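What the coordinates show
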Protein chains: 2
Amino acid sequence: MNAQDLLQPLPSRARFAGDKPVKLDCYRSERLLVGLNCLEPGQTQKVHTHAAADKFYFVVSGKARFVVGDRTVDAQAGDLVLAPEGVAHGVEQALERTVLLVAITPAPPQ
Amino acid sequence: MNAQDLLQPLPSRARFAGDKPVKLDCYRSERLLVGLNCLEPGQTQKVHTHAAADKFYFVVSGKARFVVGDRTVDAQAGDLVLAPEGVAHGVEQALERTVLLVAITPAPPQ
């Protein structure tokens, strides 16, 4: 990683695709993955669980319906969605064009 | 942590104080600390280094002058500032009332 990459304007990094959400890595080490999930309205992320990792989403822009634990919640720009180890989580659907900052520790395999 | 805390609207959690930045925990486990740093204009965070942890800031709102590595950079809402293990980082000064989402892995001692 060069010094330039230590400052990243995230909204300008977002990319979208019509067929599925776009995932981008912003930073990766063994202990941490920071990335973007970019969803068009109606796109989804299947509910899943990390057995030995903590994860969170921060909604940079847009609005999406999340599943987290046994709840379904609508989250919008400025909201933090936590998915600690063992807590099921996913995106039922993006309600608008949505950019999510995602961090997972430790980083999952590439 | 109860289920309610899995969704946190961060702008409404921000708190400010005239004498120094306010730090709030949003989530803490052994492997991850997620929190807010809330700075009034002119407030600072001393430059420091984490020897065995990766950290990042995401600027939720406002604008601040960061030191990161050997650079001084102005970061504003939507910017990601990375401070991997061993990279010096701090806030030279907040240029506006600023809310930073901060994640550190592993979590530092309380």
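Basis of the calculations
Residues numbered from 1 in each chain as written. Chains lettered and ligands numbered in written order. Predicted model: local features only at pLDDT ≥ 70, side-chain atom pairs only at ≥ 80, totals over all residues. Heavy atoms only, no water. Contact = heavy atoms within 4.5 Å. Buried area = accessible area lost by both parts, 1.4 Å probe. Salt bridge = Lys/Arg side-chain N within 4 Å of Asp/Glu carboxyl O. Polar contact = N/O pair within 3.5 Å; in protein donor to acceptor, adjacent residues only side chain to side chain. Helix = DSSP H or I, 4+ residues; strand = E, 2+ residues; numbered from the N terminus. Nonpolar A, V, L, I, M, F, W, Y, C, P; charged D, E, K, R; others polar. Pairing = 2+ DSSP bridges. Buried < 20%, exposed > 50% of the residue type's maximum accessible area, 1.4 Å probe, protein only. Axes fitted to C-alpha atoms, helices over the stretch in contact; angles between N-to-C directions. Least-squares fit on C-alpha atoms with pLDDT ≥ 70 in both.

Glancing now at the interface of chain A and chain B. With 39 residues of chain A in contact, the opposing surface of chain B contributes 39 residues. In this assembly, chain A packs against chain B so that about 3,200 Å² is buried in total across both faces, 67% of it on carbon and sulfur atoms. At the boundary of chain A and chain B, one finds four salt bridges. The salt bridge partner of D54 of chain A is R31 of chain B, with a shortest N-O separation of 3.1 Å. Remark: the boundary between chain A and chain B carries 17 residue pairs in polar contact (both at pLDDT 80 or more). Of all the secondary-structure elements, those providing two or more residues to the side of chain A that touches chain B are strand 1 (7–9), helix 1 (10–13), strand 2 (22–28), strand 5 (54–61), strand 7 (71–76), strand 8 (79–83) and strand 10 (98–105) of chain A. Among the residues making up the side of chain A that touches chain B, the classes are represented as 27 nonpolar, five polar and seven charged. Looking at chain direction, strand 8 of chain A and strand 1 (residues 7–9) of chain B are connected through three bridges and run antiparallel.

Residues and elements named next belong to chain B. Counting buried positions over the seven residues of strand 3 (residues 33–39) gives seven, a clear majority of the element. Burial along strand 3 is two-sided: the face carrying L33, G35, N37 and L39 and the face carrying V34, L36 and C38 are both buried. When strand 2 (residues 22–28) meets strand 3, the two strands line up antiparallel, connected through six bridges. Within the sheet, the bridge partner assigned to K23 lies in strand 3 and is N37. Between strand 2 and strand 3, which follow one another and run antiparallel, lie four residues.

What follows concerns the sheet that holds strand 8 (residues 79–83) of chain B. Pairing within the open sheet is antiparallel, and its six strands lie in the order 1(A)-8(B)-5(B)-10(B)-3(B)-2(B). With partners counted over all chains shown, the strands left at the sheet margins are strand 1 of chain A together with strand 2 of chain B, one partner each. Strand after strand, the sheet turns through a mean of 20° between neighbouring axes, direction not considered.

This brings us to the relation of the copies chain A and chain B. Aligned on chain B, chain A shows an RMSD of 0.0 Å; the corresponding rotation is 180° and the shift along the axis is 0.0 Å. Classification of the inter-copy transformation places it as that of a two-fold axis. Among all residues of chain A, the one whose C-alpha sits closest to the rotation axis is T105 of chain A, at a distance of 3.5 Å.

Residues and elements named next belong to chain B. Within the secondary structure, E40 sits in the loop between strand 3 and strand 4 (45–48). The residues contacting E40, other than those within four sequence positions of it, are F16, A17, A94, E96 and R97. Only 2.6 Å separates the side chain of E40 from the side chain of R97, close enough to count as a polar contact.

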